Amino acid sequence: MMKKLDKVLSQVLKPARYIGMEQNSIVKDLDKASVKFAFCFPDVYEVGMSHLGLHILYNLINEREDYVCERVFSPWVDMEEKMREEKLPLFTLENKVPVKDFDFLGFTFQYEMSYTNILNILDLAGIPLYSKERTDTDPLVIGGGPCAYNPEPMADFIDFFVIGEGEEVVLEILDLYKKHKDQGFNREDFLLDVAKIKGIYVPRFYKTSYKEDGTIKEMEAIVADVPEKIEKRMVKDLDQMFAPEKMIVPYIETVHDRAVMEIFRGCTHGCRFCQAGMIYRPIRERSPERLIDLATKLIESTGYENVSLSSLSSCDYTQLEFLVSSLMEKFEKDKTGVSLPSLRVDSVSIDILKEIERVRKTGLTFAPEAGSQRLRNVINKGVSEEDLTTAVSYAFKEGWSRIKLYFMIGLPTETDEDVLGIKDLAYKVKDLFFNRPREEKKGSFKLTVSASCFIPKPFTPFQWVGQNSIEEFKRKAYLINDNIRDRRISFNYHSPEVSYIEAIISRGDRRVGQAIYKAWQLGCRFDGWSEHFDFDKWLQALDEANIDGDFYALRNRSFEEILPWDFIDPGVSKKYLFREFKKSLKEIVTRDCRLGCTACGIKDCAMRGVFN
Amino acid sequence: MKLRVKFNKKNYLKYISHLDLIRLFQRSFNRAQIPVKYSEGFNPQPRFSIAHPLSLGIESCEEYMDIELEEKIDPLDFMESMNQILPKDIQILDCIYPKDKRPIAAIISLAHYEISFGLVEDMDMDEVKGQIDRWLEKEKIIITRIRKRRGRQIKREQNIRPLIKKLAFTNNKENGFTIETLFKVGDGGNLRPDDFIDALIRDNSNFKIDKEDIQVKRLGLYIEKGKRLEKPIW
């Protein structure tokens with residue numbers, strides 16, 4: 001194996017993707033392990049290593065002396081080719097042993113376009129693709145993460161799903177497995193037992209029947225003692241929760257080359273397109289004391305020169321100014337910087353921007369999401385044009401000259417006027433830069449306007465609406481492009497074809513799995529990478545699987561329809577989501593629930609206790 | 001204050017690139033709290049330089065770098081604290097405060113390599129040796145280098161024979177052979193092992209080298225003092 005590996009590594013791009021051995025990686029003696037867990041991020045190493053969830057679960061599991069967690073990623077296409085040529089089975093980075101020898105193979109479901117990669121990983125590992133074909137000698141294949149909130153498209157391939165926050169439940173699963181193993185392991189018995197753990201969904205114990213029009217008639221449990229509704233798992237107190245104090249430091253450059261710490265989980269804004277904003281509720285903050293301690297330990301153990309304060313909307317952190325200035329004060333002499341991703345236009349505090357900029361100035365990104373105030377009300381993005389112009393003017397005054405603006409096209413109720421609002425906003429930003437006294441104009445102005453195609457997601461108020469057709473997306477994108485005539489403003493948009501496929505999968509039911517399987521068979525890999533996405537193959541796969549893509553992507557659903565993910569309870573209620581949908585059509589804004597509870601249905605939420 | 005450091009790069013870590021290595025050292029200096037000097041300006045960078053970067057996939061027993069320090073520190077302390085942090089396959093072997101203040105890359109002019117080849121078909125080794133000796137008797141071994149500049153391809157011919165200072169057979173392995181070589185490095189001419197290997201394969205078609213079974217290892221780097229060779233740190 002080692003000889004083969006060495007031969008293969010000398011022939012591929014970035015071989016360091018496959019060698020492991022990074023600082024803070026953990027290599028244990030596998031013979032002494034009672035449970036072996038292979039964690040897989042189904043994309044290339046650089047992408048997967050930037051995922052905070054990996055570092056959390058990796059360290060959490062490895063903290064237990066007799067449990068082992070090792071990593072595995074998608075080999076890049078050149079590596080896959082060589083591995084197949086040499087018949088080298090997929091291996092973990094730590095001990096470099098076949099993934100098939102592990103007890104668990106856990107996938108994180110971060111985006112739908114990685115699903116063909118998941119099938120490919122199973123195949124490269126020599127594990128049967130279909131759950132029903134696996135035997136006691138195969139690993140238990142599990143899935144978790146945000147996309148697992150609609151597990152159905154992958155239900156045939158995954159033995160069980162973890163719904164909700166993995167760190168809350170993973171050790172319970174491994175403990176149960178250890179118990180079963182000690183008493184003589186039987187796969188079916190274990191699955192029956194694990195299905196009783198809150199948050200666990202074992203697809204094989206449920207059956208779905210369909211109506212003539214293709215919608216779901218009923219989904220029912222076919223064995224006794226499994227829950228009808230799967231409740232998500234969540235951590236109650238982030239300060240008490242496990243937080244990694246060290247992170248693996250990759251040798252090669254990754255997407256985010258810095259220490260990361262989560263300052264809070266959840267979001268209170270209630271943007272109606274945002275799945276994360278709904279499923280990660282309620283909001284839970286870490287205390288500044290805990291975070292300062294954590295940052296110090298992370299910097300010490302990694303040697304990184306930057307720590308990123310991660311969350312869905314970092315400016316919402318209650319004591320952000322205090323936290324940032326404490327960190328800056330602590331780290332400035334060591335030339336360590338602090339970075340804040342996910343800035344919201346409305347809450348960019350001038351003081352915080354000034355603090356951060358003391359060390360280093362980079363480009364600034366804002367996400368107004370829609371071009372007109374009307375449409376921003378529809379999606380409940382509580383950002384006004386004034387908020388944006390204030391923030392941008394300040395940024396220009398302070399010397400920034402490169403700005404990015406993010407928008408979506410194809411939002412519900414969108415008109416051409418809304419679409420052209422994107423152009424208008426871009427021109428206003430440009431004018432703000434140039435309509436200033438000459439001596440204040442620093443740097444060369446560059447504005448990038450990006451538009452993604454709106455994809456309605458499960459567990460959002462827009463889960464019932466149809467997506468725009470590919471033609472409609474293109475017409476809208478051209479409308480913007482043809483009207484931006486300034487070479488200092490560049491416009492780009494996401495592929496409508498990719499968005500169409502993503503829409504089919506994200507709201508797909510169990511039958512869609514067959515199309516994913518066919519697509520993989522036809523050679524689809526790395527569908528999230530534009531150079532690898534092959535729309536024609538996907539169309540062929542849908543056709544061969546007898547799946548009408550428009551039925552899933554473009555159709556408006558009624559409130560009465562049983563949705564494929566209805567059996568999952570994400571905390572927020574379906575009633576709340578529908579109420580929000582109705583309000584959106586009337587262009588009525590819902591306040592940030594920090595200002596008063598909006599009755600989303602989350603139990604034990606701090607916002608209810610404090611503000612009501 | 002210039003600290004001259006000798007280190008190695010072995011096993012799988014031969015697969016990390018020069019830039020990766022720089023980042024690794026940078027973070028390790030941070031962790032070990034080494035008082036490295038930083039450059040001035042908008043984006044301050046730690047001041048250290050590694051002499052004659054290795055190509056990806058080549059192991060080395062002895063590499064060198066110069067580090068600019070803010071203040072003098074004990075070399076032994078430096079080694080000890082760095083080696084605790086560095087991975088086991090990249091370790092500091094020695095370090096000194098050099099008397100010669102010229103940069104390390106400027107004084108090194110020769111690289112010592114061990115290259116072992118596997119053969120596709122069994123051959124008499126004396127025959128292979130004779131063949132290579134005759135090949136080296138030529139005054140000119142021309143290779144063509146293709147460089148990309150602003151999207152255009154520029155071809156440049158180069159005679160690499162003067163860059164091969166020494167070549168010796170060290171042992172015969174099963175179905176293959178190993179050589180040791182001294183190649184020029186630096187501004188006075190630079191020969192990379194893969195260019196040498198390509199030329200060797202191209203010009204010697206009587207024996208068939210298995211291109212997938214070639215191992216290159218750098219054994220050391222040398223300073224030429226007249227006819228004598230000296231290591232930067234003994």
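Everything here concerns the structure above.
Notes on the structure in this doc start here. None of these values were measured; they are calculated from a predicted model.

Concerning the nonpolar core
Here is step 1 of the chain: If you look at the biggest cluster of nonpolar residues, it comprises 202 residues, and the most contacted ones within it are Phe104 and Phe160 of chain A together with Phe25 and Phe78 of chain B.
Here is step 2 of the chain: In contact with Phe160 of chain A, other than residues within four places in its own chain, are Phe104, Val141, Ile142, Gly143, Ile173, Phe190, Leu191, Val194, Ile200, Tyr201, Val202 and Pro203 of chain A.
Here is step 3 of the chain: Residues Tyr64, Phe117, Leu136 and Ile197 of chain B belong to the second largest nonpolar core, which totals 39 residues.

What to know about the state of the cysteines
Residue and element names in this part refer to chain A.
Here is step 1 of the chain: Applying the stated criterion across every chain yields a total of 0 disulfides over all chains.
Here is step 2 of the chain: With no disulfide of its own, Cys597 has Cys600 as its nearest cysteine by sulfur position, at a separation of 6.4 Å.
Here is step 3 of the chain: For Cys597, a relative accessible area of 18% puts it in the buried group.
Here is step 4 of the chain: Given the relative accessible area of 10%, Cys600 is considered buried.

Notes on the layout of surface pockets
The gaps left among the atoms become clear once a water-sized probe is rolled over them.
Here is step 1 of the chain: In this structure, the second largest pocket encloses a volume near 870 Å³.
Here is step 2 of the chain: Contributing to the lining of the second largest pocket are 30 residues, with Ser10 of chain A together with Gly57, Lys211, Ile214 and Gln215 of chain B lying nearest its centre.
Here is step 3 of the chain: Elements supplying a minimum of two residues to the lining of the second largest pocket: helix H1 (2-9) of chain A together with helix H5 (193-203) and strand S10 (209-225) of chain B.
Here is step 4 of the chain: For the lining of the second largest pocket, the leading source of residues is S10 of chain B, giving 7 residues.
Here is step 5 of the chain: Within the lining of the second largest pocket, the residues separate by chemical class into 13 nonpolar, 6 polar and 11 charged.

Quick look at unusual backbone geometry
All names here are of chain A.
Here is step 1 of the chain: Omega for the bond connecting Arg281 with Pro282 falls within 30 degrees of zero, at -5°, which places this linkage in the cis form.
Here is step 2 of the chain: For Pro282, the location among the structural elements is in the loop between helix H8 (275-279) and strand S12 (284-285).
Here is step 3 of the chain: Although it is not a glycine, Glu587 adopts a positive phi angle of roughly 60°.
Here is step 4 of the chain: Mapped onto the elements, Glu587 comes out in the loop between helix H20 (574-585) and helix H21 (606-611).
Here is step 5 of the chain: At Ala599, a position not held by glycine, the phi torsion is positive, near 55°.
Here is step 6 of the chain: Relative to the elements of secondary structure, Ala599 occurs in the loop between H20 and H21.

Definitions and limits used
- Residues numbered from 1 in each chain as written.
- Chains lettered and ligands numbered in written order.
- Predicted model: local features only at pLDDT ≥ 70, side-chain atom pairs only at ≥ 80, totals over all residues.
- Heavy atoms only, no water.
- Core = buried A, V, L, I, M, F, W, Y, C linked by side-chain atoms within 4.5 Å.
- Buried < 20%, exposed > 50% of the residue type's maximum accessible area, 1.4 Å probe, protein only.
- Contact = heavy atoms within 4.5 Å.
- Disulfide = S-S within 2.5 Å.
- 1 Å grid on protein atoms, 1.4 Å probe; cavity = no way out; pocket = protein on both sides within 12 Å on 5 of 7 lines; lining within 4 Å.
- Points joined across faces, edges and corners; volume = space filled by probe spheres on them.
- Helix = DSSP H or I, 4+ residues; strand = E, 2+ residues; numbered from the N terminus.
- Nonpolar A, V, L, I, M, F, W, Y, C, P; charged D, E, K, R; others polar.

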